[in-house]
There are 4 protein chains.
Amino acid sequence: MDEPRPTPEDKFSFGLWTVGWPARDPFGDATRPPLDPVEAVHRLAELGAWGVTFHDDDLVPFGSDGDQRERHIKRFREALEATGLVVPMATTNTFTHPVFRDGAFTANDRDVRRYAVRKIMRKLGAASYVFWGGREGAETDAAKDVRVALDRYKEGLDLLCQYVLDRGYGLRFAVEPKPNEPRGDILLPTVGHALAFIGSLEHSEMVGLNPEVGHEQMAGLNFVHGIAQALWHGKLFHIDLNGQHGPKYDQDLVFGHGDVKSAFFLVDLLEHGGYEGPRHFDFKPPRTEDPDDVWVSAAANMRTYLLLKQRAAAFRADPEVQAAMAAARVPELAVPTLAEGERWSDLLADRGAFEDFDVEAAGRRGMHYAALDQLAIEHLLGARS
Amino acid sequence: MDEPRPTPEDKFSFGLWTVGWPARDPFGDATRPPLDPVEAVHRLAELGAWGVTFHDDDLVPFGSDGDQRERHIKRFREALEATGLVVPMATTNTFTHPVFRDGAFTANDRDVRRYAVRKIMRKLGAASYVFWGGREGAETDAAKDVRVALDRYKEGLDLLCQYVLDRGYGLRFAVEPKPNEPRGDILLPTVGHALAFIGSLEHSEMVGLNPEVGHEQMAGLNFVHGIAQALWHGKLFHIDLNGQHGPKYDQDLVFGHGDVKSAFFLVDLLEHGGYEGPRHFDFKPPRTEDPDDVWVSAAANMRTYLLLKQRAAAFRADPEVQAAMAAARVPELAVPTLAEGERWSDLLADRGAFEDFDVEAAGRRGMHYAALDQLAIEHLLGARS
Amino acid sequence: MDEPRPTPEDKFSFGLWTVGWPARDPFGDATRPPLDPVEAVHRLAELGAWGVTFHDDDLVPFGSDGDQRERHIKRFREALEATGLVVPMATTNTFTHPVFRDGAFTANDRDVRRYAVRKIMRKLGAASYVFWGGREGAETDAAKDVRVALDRYKEGLDLLCQYVLDRGYGLRFAVEPKPNEPRGDILLPTVGHALAFIGSLEHSEMVGLNPEVGHEQMAGLNFVHGIAQALWHGKLFHIDLNGQHGPKYDQDLVFGHGDVKSAFFLVDLLEHGGYEGPRHFDFKPPRTEDPDDVWVSAAANMRTYLLLKQRAAAFRADPEVQAAMAAARVPELAVPTLAEGERWSDLLADRGAFEDFDVEAAGRRGMHYAALDQLAIEHLLGARS
Amino acid sequence: MDEPRPTPEDKFSFGLWTVGWPARDPFGDATRPPLDPVEAVHRLAELGAWGVTFHDDDLVPFGSDGDQRERHIKRFREALEATGLVVPMATTNTFTHPVFRDGAFTANDRDVRRYAVRKIMRKLGAASYVFWGGREGAETDAAKDVRVALDRYKEGLDLLCQYVLDRGYGLRFAVEPKPNEPRGDILLPTVGHALAFIGSLEHSEMVGLNPEVGHEQMAGLNFVHGIAQALWHGKLFHIDLNGQHGPKYDQDLVFGHGDVKSAFFLVDLLEHGGYEGPRHFDFKPPRTEDPDDVWVSAAANMRTYLLLKQRAAAFRADPEVQAAMAAARVPELAVPTLAEGERWSDLLADRGAFEDFDVEAAGRRGMHYAALDQLAIEHLLGARS
């Protein structure tokens, strides 16, 4: 098997806030100095990344004046040009400043909502845009009428969609669900809740999802199932890859360093399921690490992805796997339940479907999933390639 | 405060499988004998219940012949007439028999899917109908292409909706989400995933939700938020009330015996949020209990609901609570972010919204939620009534 | 029922770091200015608190010189004298500074371990001393040989115990378990693991526990059971009271604002189970709140405790509860399994115990726990007082 | 790399109740017929297993008379002799029958406790003996005084130890912790709680642990850490290997089919940490599977263990891993914090340890764990062998 090396064709991207995280946590001070975004661009390019993303405040510190703003942007643009890195996604920080303590779109305070919408409008351009509503939520059910909050959430997104349409930006929005942290409960806590909400929007065709591995796993949910449902609805606009060890604080581990079996099936689905967007890593280099270690951990994300991609391809290509899939009747699920042209009345008239169906015999059939699951494990472990 | 007693006006209903659970669990044999459904009807009526619900196999044992079936139904109907209990909901068991080991709508085996649809069609009548797809899922991601499974799920529900429409049954379906158990991962794991899926159906107006307290809490999700979102989408068709202590096995405790603060806010929302359907208890009398204890635990569900209803009403009526709500700007969230007739261009032109907005001053405002939360706790504890 | 008001007899204490938390979280900047420890002492005294606790760095900022140190301590001592507040516990911060990124007692770096022990030695005086080893842990199992880490942990505590003995300080240590956050996994993750570890120490009689409500509930464990086991081992030296909603990030909610039913049984156990130490609140005023709200939330802890204490007393005194306890044979558990003087050979010879025991009849006995649990809920709701 | 095949030297053992599980779950009927224990012995031997274990009732159905009992035992003994399989552990079922609904050692009913002790005494012989107190617990904190329950638990184990000593059986007990299911909360919920409890026993040297992968992971705890602590206390007497996906119902997946990265580190620890006991699989062949699939899943446990053992050996042998361990100062943790002969007074006098320690410089040191963790992942994936 070839040694995999990341190239721009892999569409790997990183947030500036990931490699640039100074490693302050709720119980500890920063262990790393600030990272110059220009250095981040150069280092990521050297490692084989394709894109870089950022919140407005990552690039231009909150409160900068016009001149400072220009200088920051100019230097950054030059670094992009020098390295060929693209900016496939942008986002706005509506969670760090105290003014957003109760949310942005759904803050009880109307002036805060208006300010938040304006802060977002300023950032909108030609890229795709992620919205993580990390402060849209509550610690007590007394504080927020969730139905009314969803009205405001919808109002905010409808307004922004109209703005983008009227301006002709050709932009798509991606909502990022998360169940909790930093709020006790966050609105639109899972892939499912966000999908349902999006369906209610004025221009739902412009809005999709940016699911994150760890966010679904914080609720004990199967991330691969969530991504499959998002794809089924045509709503996987972007994805945040990282690692997590189940329901606990948001860990943002290196991709694959949490539940690596789930990561294997995720890569399999992304590579074979028609997703063509960025493979965006939203991880945190552990607080134990120094500035050089940051790049070791950044590279680990891409390398693990590529190793899993090799293994998933070998899994799909293995004739024994294909036989086990057939034995488990996996392909039969693609055959509609009704025959072509069949209606309910035909089904009702089919005695073989019910009256003459030998339910006891059918009840004895095994699914042979254990064999299939073991084949997957052995491909994951590189034991069959 | 008056001593609350359940009456039919409270619309309390119970599944036959709840009080009739013989208390067999994965590690233990049954501790109670089978319960005659006719006795269940009489005992529930005496306790003040309004309705009773059942799976097809609860009333007529699986495999009964036509005569036996008739006898079972006749006795049951007589008990209903004698007591005045109604049957506000019905459902079909597509999870107990081995034939459903891999699901009903989404079994890999097509003949099992056809059989399942027919078993459901047989049961459909004039009531509302709940579908819990407890076996629609997988233990390994290799076993099931979730996107294809959702195709089959949709096909099954579309077919049943068409059948109901063509027959003129006037029936509504309610999908019951659950994250896991008995499958490792169940499709449509939360209120959100099910809402999104419903939006994709041919006749989505006929299909809503039957959320269950414990099912959402098994994923660590806020049930009150989930119900609020379901109401917001107009999809709360039915509800299953019980108790759970967070992410662990499905406990089906008495309502209020798990997270009682959440139960308080839930009752508040149901009573003030426009829900007019049954208050359906889907609990299990603990395995420690004997046949008489079953009725103690059944009564406990209703009594706890009524006590919480009293406390929620007192909370809403308390002038100090109303003042605390105002201080927390809870009512302000109902004021749209844009003024009447305002468009994005107006907002963009409003310097007060952004350029002249004193973000630092606004960032110092407190939300005063602690006072509000404490008032809720004190009403819950009956300390302010 | 009388309106409860906190008094020094209630032994309520607060950490300076609780009311003084500036509300910086992993995703947001501080929303409140620093709080002067002297103001904290005065405000807590006015609210009825009895004690105040602190880490070394809470009172004297890390890196202060000798003069600054003196001034800080002098002002604080004067506030204590003016208010009568006591300092029943002290602790050392071995987690905030980057030097402790990999732990204190169990850092791989030996010089860091030596520094940590010295930092702790400096703080030891006449009070009881809590040790929270929040950085003793790992994100990857490759990073730390846990057996060797426990050797070092034991070495550190043995050394400190010897120091305290030799100095004649009359001091006791209390270890505070936590499963994770800020480390991926923390050593001694639960009450149980810490109890077992303490049993291995040279002077285990000097070392007990400081369990925290939320820390056990982050692992889905029953806190009341944990406290009961700690009491059973004679090791409940101190306690941290707060609230949490199950497995997620560390919430540090107001006491009783998480699982209030568990809080009811906890207060019942503390009040009737022989614990005479401080009722120490280790909570965080929510980040949504302003400096005045801080004191509202501080007061809420004490008031909720007192309301629960009233309800627990009424529960124990209620004749109906006592009858339900008897029906559930709760008192019978206190009767030893063997009769006085009985040995295994006597039990073996007792045919009534086995050969003639009617196991089927005994298997039909109900425990009547549902009635008891409902009585507890009704006392909690203030519905029977 | 050689293809690994299980041999008796690997000490793989299985419970009769694992391969013999008829696949009845809380929501479904059995999907497989009963398995003859004699067939189980032969099939396991063919697959390369070394031992078989059982509860009393697995081999001899509850309530069998003396003759039946003899016949069952005779046939089973013959199968053992024919195959060479050993019985390295035995256990007693004190959880299935309704009589144990409230526990065995800690049932409120004294006669049930006496019966349980007698049922266990009957089974004790020359093997090691596991006690899983699956019914020792409660659903409500009102039902059980945990301190008194621990008195009874201790009384029961003290009695059994004395019995074994007096009889000269040379037997050791292993307690199996579990946090919940089938009880709402089980006593001794984790490795830690059980270790602490064991320390309080009259003959604690005779009692150790039988930890199970899934049981600790149901509480979100790091199983490798738990096993390391058990080894540190000299208490790893037996181990139950299987798989689990975090906090949810007890899944009993094939070993390695849950968190496979944790399984890798577990095998590494067992193989290099001095554990010489059985590698006992306590898994359930999924309910989807038929009788032939049972053996596929049984074999998968052993094969996955052996693959992980190969990878762990390669990880330890890799010079790059050894260099990364050194860079992360993992070996330095084995160096005591005090020098040989050093006392606290020497440490106090060492200005280099504190006064002259450059804490800021030390705070900048990185731990280089990311590199080490990535090497572990790559060995797990078979990408470096």
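Refer to the structure printed above.
Bear in mind that the values here come from a model prediction, so they are computed numbers and not experimental data.

(A) Looking closely at the relation of the copies chain B and chain C. Taken as rigid bodies, chain B and chain C are interconverted by a rotation of 180 degrees and an axial shift of 0.0 Å, the fit giving an RMSD of 0.0 Å. Here the two chains are linked by the operation of a two-fold rotation axis. When the interface residues of chain B are mapped onto chain C, 100% of them again lie at the interface, so the same face is used by both copies.

(B) Region of the structure containing the sheet that holds strand S8 (residues 207-209) of chain C. All names here are of chain C. The strand order across the open sheet built from eight strands is S8-S6-S4-S3-S2-S1-S10-S9, with neighbouring strands paired in parallel fashion. Every interior strand has two partners, whereas the edge strands, S8 and strand S9 (240-241), have only one. As paired strands, strand S4 (residues 128-132) and strand S6 (residues 173-176) are joined by four bridges and run parallel to one another. Of the residues in S6, the one forming a bridge with Phe131 is Val175. Across the sheet, helix H6 (residues 146-167) is in contact with S4, S6 and S8; its angle to S6 comes to roughly 155 degrees.

(C) View of the interface of chain B and chain A. Counting residues at the interface gives 102 residues for chain B, matched by 103 residues for chain A. Of the roughly 9,500 Å² buried between chain B and chain A on both sides combined, carbon and sulfur atoms contribute 61%. Together, Arg118, Trp232 and Leu333 of chain B form the three largest contributors to the area buried by chain B at its contact with chain A, with a combined 9%. Summed over the shared surface of chain B and chain A, the number is 14 salt bridges. For Arg114 of chain B, the salt bridge is made with Asp350 of chain A, and the minimal N-O distance between the two is 2.8 Å. Scanning the region where chain B abuts chain A turns up 72 residue pairs in polar contact (both at pLDDT 80 or more). When contributions to the side of chain B that touches chain A are tallied by element, the ones reaching two or more residues are helix H5 (110-123), helix H6 (146-167), helix H7 (191-198), helix H9 (223-232), helix H10 (260-272), helix H13 (344-349), helix H14 (359-364) and helix H15 (369-380) of chain B. Ranked by residue count, the leading element in the side of chain B that touches chain A is H6 of chain B, at 14 residues. Looking at side-chain class alone, the side of chain B that touches chain A contains 53 nonpolar, 17 polar and 32 charged residues.

(D) Examining helix H2 (residues 37-47) of chain A more closely. Residue and element names in this part refer to chain A. Of all the residues in H2, the buried ones are Pro37, Val38, Ala40, Val41 and Leu44. An end-on view of H2 places all buried positions within 160 degrees of arc, on one side of the element. Structurally, H2 contributes buried residues whose contacts are with strand S1 (12-15), helix H1 (16-19), strand S2 (51-55), helix H3 (56-59), helix H4 (66-83) and helix H11 (291-317). The N-cap residue of H2 is Asp36: its side-chain oxygen and the backbone nitrogen of Val38 are 2.9 Å apart. Gly48 sits one or two residues past H2 and shows a positive phi near 105 degrees.

Reading the values: rules and limits
Residues numbered from 1 in each chain as written. Chains lettered and ligands numbered in written order. Predicted model: local features only at pLDDT ≥ 70, side-chain atom pairs only at ≥ 80, totals over all residues. Heavy atoms only, no water. Least-squares fit on C-alpha atoms with pLDDT ≥ 70 in both. Contact = heavy atoms within 4.5 Å. Pairing = 2+ DSSP bridges. Helix = DSSP H or I, 4+ residues; strand = E, 2+ residues; numbered from the N terminus. Axes fitted to C-alpha atoms, helices over the stretch in contact; angles between N-to-C directions. Buried area = accessible area lost by both parts, 1.4 Å probe. Salt bridge = Lys/Arg side-chain N within 4 Å of Asp/Glu carboxyl O. Polar contact = N/O pair within 3.5 Å; in protein donor to acceptor, adjacent residues only side chain to side chain. Nonpolar A, V, L, I, M, F, W, Y, C, P; charged D, E, K, R; others polar. Buried < 20%, exposed > 50% of the residue type's maximum accessible area, 1.4 Å probe, protein only. Arc of directions from axis to C-beta.

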